[in-house]
Amino acid sequence: MNMGMQMLKPGEIAWAHRHTMAALRFAIQGGPGLVTVVDGEPCQMDDYDLVLTPRWTWHDHHNGTTENVVWLDVLDIGLVLGLNVPFYESLGEMRQPERLSPGEHLADRGGLVRPVWEQTKATNFPFRYPWRDVEQQLRRMADVPGSPYDGVVLRYANPVTGGSTMPTLDCWVQMLRPGQQTAAHQHTSSAVYFVVRGEGTTVVDGVELQWGPHDSFVVPNWSTHHFVNSGAGEAVLFSVNDIPTYRALDLYHEKPELSLGVQPVPPAPANVRVR
Ligand SMILES: [Fe+2]
Ligand SMILES: [Fe+2]
């Protein structure tokens, strides 16, 4: 994985192109005028919105605001270079043609109801995850115990399969309660983190990485790590990991235990007492 920060000045456009590297954008300073067009679909980028520019999708970025805008970029460049398939194509125009009718939007094919007469597209959507929806879901789950290693941690799910955000990369958001200290563990995957809010420490192989709002840090693979929320309020971290890649290669492993997806869903009806 590669993580970077990208800034566009007011009025700037990053021209239309596509590449075999899968990429995602997490807006840090966005606004209604910041738009990434992906395969013809304009995706607005408000603060902390996530917009996917999956492998080989056409994309161009427009800063229609009056301020500088900044977003976090994460791409699977290292993997694509290692596999020797780094293809890039420029459209030859600054902007790509945009889909006009909402009925043509691919992202709408990932909703609860879908066209019966069409084939189902399962990956590489031009998809936007609005922060207000993510925040709302974090709030709704604020009182559940969550993972012993990550607290209340949610995946940005593929809207069709429920699986990883993209075939090679998974995006997570996690909330740590005030004073919370997670259990330490190791795994073969790596992760890059961006602090949305809060203050704390991530201890990585004995090294204390102290963080605050809008800091970023890395947890390399097979390092022993745990999180401490040392701030007065909750801490919220956005992260991207390469678990899907390791799982596809049958190389994903955790120590001391497999923690992903192992807990049962709550029983129904709720609060059943077994005599
Ligand atoms: Fe790009
Ligand atoms: Fe971990």
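Residues numbered from 1 in each chain as written. Chains lettered and ligands numbered in written order. Predicted model: local features only at pLDDT ≥ 70, side-chain atom pairs only at ≥ 80, totals over all residues. Heavy atoms only, no water.

## Here's the deal with the overall build of the protein
- Helix and strand content of the protein: three helices and 20 strands.
- In terms of overall dimensions, the protein is globule-like: its C-alpha atoms have a radius of gyration of 19 Å, near the 19 Å expected for 275 residues.
- With the C-alpha coordinates of the protein rotated into their principal frame, the extents come out at 60 × 45 × 40 Å.
- Counting across all 275 residues of the protein, residues that qualify as buried make up 47%.
- A total accessible area of about 14200 Å² is found for the protein, and carbon and sulfur atoms account for 55% of it. (Helix = DSSP H or I, 4+ residues; strand = E, 2+ residues; numbered from the N terminus. Rg over C-alpha atoms; globule rule 2.2 N^0.38 Å. Buried < 20%, exposed > 50% of the residue type's maximum accessible area, 1.4 Å probe, protein only. Areas by Shrake-Rupley, 256 points an atom, 1.4 Å probe, with all protein chains shown as cover.)

## Notes on the domain arrangement of the protein
- Annotation of the protein at the domain level lists domain 1 (2-128) and domain 2 (130-255).
- Here the C-alpha centroids of domain 1 and domain 2 sit 23 Å apart.
- Contacts between domain 1 and domain 2 engage 30 residues on the former and 24 residues on the latter.
- Of the roughly 2200 Å² buried between domain 1 and domain 2, counting both surfaces, carbon and sulfur atoms make up 77%.
- A per-residue breakdown of the area domain 1 buries against domain 2 is headed by M3, F26 and Y48, which together make up 25% of the total.
- Seen at the junction of domain 1 and domain 2, the total is zero salt bridges.
- One can count six residue pairs in polar contact (both at pLDDT 80 or more) joining domain 1 with domain 2.
- Secondary-structure elements contributing two or more residues to the side of domain 1 that touches domain 2 are strand 1 (2-8), strand 3 (23-29), strand 6 (50-53) and strand 8 (69-75).
- Of all the elements, strand 3 adds the most residues to the side of domain 1 that touches domain 2, at four residues. (Domains from an automatic or database assignment. Contact = heavy atoms within 4.5 Å. Buried area = accessible area lost by both parts, 1.4 Å probe. Salt bridge = Lys/Arg side-chain N within 4 Å of Asp/Glu carboxyl O. Polar contact = N/O pair within 3.5 Å; in protein donor to acceptor, adjacent residues only side chain to side chain.)

## Digging into the sheet that holds strand 18 (residues 225-229)
- Spatial ordering of the open sheet is given by 16-15-18, a layout of three strands whose pairing is antiparallel. Two strands in the sheet have a free side with no partner beyond their single neighbour: strand 16 (207-211) and strand 18. Averaged over neighbouring strand pairs, the angle between their axes works out to 20 degrees when direction is ignored.
- Pairing of strand 15 (residues 200-204) with strand 16, which is carried by five bridges, proceeds in the antiparallel orientation. Looking across to strand 16, one finds that V204 is bridged to V207. (Pairing = 2+ DSSP bridges. Axes fitted to C-alpha atoms, helices over the stretch in contact; angles between N-to-C directions.)

## Section: the side chain of E254
- Following the sequence through the fold, E254 ends up in strand 20 (residues 254-255).
- The buried charged residue E254 lacks any salt bridge partner; its closest oppositely charged side chain belongs to R247, at an N-O distance of 5.7 Å. (Lys, Arg positive; Asp, Glu negative; His and termini not counted.)

## Structural notes on the coordination of the iron ion (ligand 2)
- Only H185 (NE2), H187 (NE2) and H225 (NE2) from the protein coordinate the iron ion (ligand 2), and they sit 2.2 to 2.3 Å from it.
- All donors of the iron ion (ligand 2) come from a single chain, and their spacing in sequence reads H-x1-H-x37-H.
- A relative accessible area of 12% places H187 in the buried class. (Donors = N, O, S within 2.8 Å, 3.2 Å for Na, K, Ca; no water.)

## Structural notes on helix 2 (residues 131-140)
- Residues W131, V134, E135 and L138 constitute the buried set of helix 2. Along the long axis of helix 2, the arc covered by the buried residues comes to 100 degrees, so they all point the same way. Exposed side of helix 2, more than 90 degrees from the buried face: R132, Q136 and R140 are the residues found there.
- Along its buried surface, helix 2 packs onto strand 3, strand 10 (128-129), strand 11 (152-155), strand 12 (170-176), strand 14 (191-197) and strand 19 (235-241). (Arc of directions from axis to C-beta.)

## Observations regarding the coordination of the iron ion (ligand 1)
- Within the protein, the atoms that donate to the iron ion (ligand 1) are H17 (NE2), H19 (NE2) and H59 (NE2), at distances of 2.1 to 2.2 Å.
- Judged by its relative accessible area of 12%, H17 is buried.

## Description of unusual backbone geometry
- Put simply, K255 and P256 share a cis peptide bond, and its omega is 20 degrees.
- By the secondary structure assignment, P256 is in the segment after strand 20.
- Here the bond from A268 into P269 is cis, since omega is -5 degrees, no more than 30 degrees from zero.
- A positive phi angle, close to 70 degrees, is found at H214, a residue other than glycine.
- Note on placement: H214 falls in the loop between strand 16 and strand 17 (216-219).
- Relative accessible area serves as the criterion here: at 34%, H214 is assigned to the partly exposed category.
- With a phi close to 65 degrees, W222 is a non-glycine residue in the positive phi region.

## So, the environment of V37
- Within the element layout of this structure, V37 appears in strand 4 (residues 31-38).
- Residue V37 is classed as buried on the basis of its relative accessible area of 0%.
- Taking the C-alpha atoms as reference points, V37 and V74, separated by 37 residues in sequence, lie 17 Å from one another.
- Among all residues touching V37, those that are not within four sequence positions of it are P42, W58, H59, D60, H62, Q96 and E98.

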